[in-house]
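Structure at a glance
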Amino acid sequence: MVLFILFTIGLVCIFLPRCHHLRQLQQRKTELQAENRETEAMTRALQEKQKRFSTDPAYVERVARETGMVKPDEVVFQYTNATDRPQPRRRTP
């Protein structure tokens, strides 16, 4: 009986750390799969943008204008808000 108990304790000591390690590996696998799905979604979105850049001139122009680019011989008017200008100071007597 004592031999059986010692054998059981030995098995538990051997396999318990391995079971814990296996659970950690499974959790890491799940995390990596989620990260992989996010990366694949981002890749698909970038591929769509790339496709639009090569096939849609209106999209290219809109993106260029959003980044501040202008066509040659084009006049650009820039407006500032009244709140952006410094207000004159008044002297108090």
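All figures in this text were calculated on a predicted structure; none of them were measured in a lab. (Residues numbered from 1 in each chain as written. Predicted model: local features only at pLDDT ≥ 70, side-chain atom pairs only at ≥ 80, totals over all residues. Heavy atoms only, no water.)

1. Points about helix H1 (residues 2-55)
Selection rule: Helix numbering and strand numbering both begin at the N terminus, where a helix is a DSSP run of H or I of at least 4 residues and a strand a DSSP run of E of at least 2. For a helix, the expected span equals 1.5 Å multiplied by the residue count minus one. A residue's bend is given by the angle between axes fitted to the 7 residues ending at it and the 7 residues starting at it.
Taking 1.5 Å of rise per residue, 54 residues should cover 80 Å, and H1 covers 79 Å from first to last C-alpha, within 8% of that figure. A maximum bend of about 30° is found in H1 at Phe-15, where proline Pro-17 lies one to four positions downstream.

2. Side note on unusual backbone geometry
A positive phi angle, near 60°, is found at Asp-73, a position not held by glycine. Summarising the element assignment, Asp-73 is placed in the segment after helix H2 (57-66).

3. Quick word on the pattern of salt bridges
Test applied: Salt-bridge detection follows one rule: a side-chain nitrogen of Lys or Arg within 4 Å of a carboxyl oxygen of Asp or Glu. For every residue, the accessible area (1.4 Å probe, protein chains only) is compared with the maximum for its type, and the residue is labelled buried under 20%, exposed over 50%, or partly exposed between those bounds.
Following the criterion strictly, the structure yields six salt bridges and no others. For Lys-71, the salt bridge is made with Glu-61, and the minimal N-O distance between the two is 3.6 Å. In this pair, Lys-71 is assigned in the segment after H2 and Glu-61 in helix H2, connecting sequence segments ten residues apart. Taking the relative accessible area as the measure of exposure, Lys-71 reaches 46% and is therefore partly exposed. Here Glu-61 falls in the partly exposed class, since its relative accessible area comes to 35%. A salt bridge links Arg-65 to Glu-74, with the shortest nitrogen-to-oxygen separation between them at 2.9 Å. Here the salt bridges do not stand alone but share partners, grouping Glu-61, Arg-65, Lys-71 and Glu-74 into one network.

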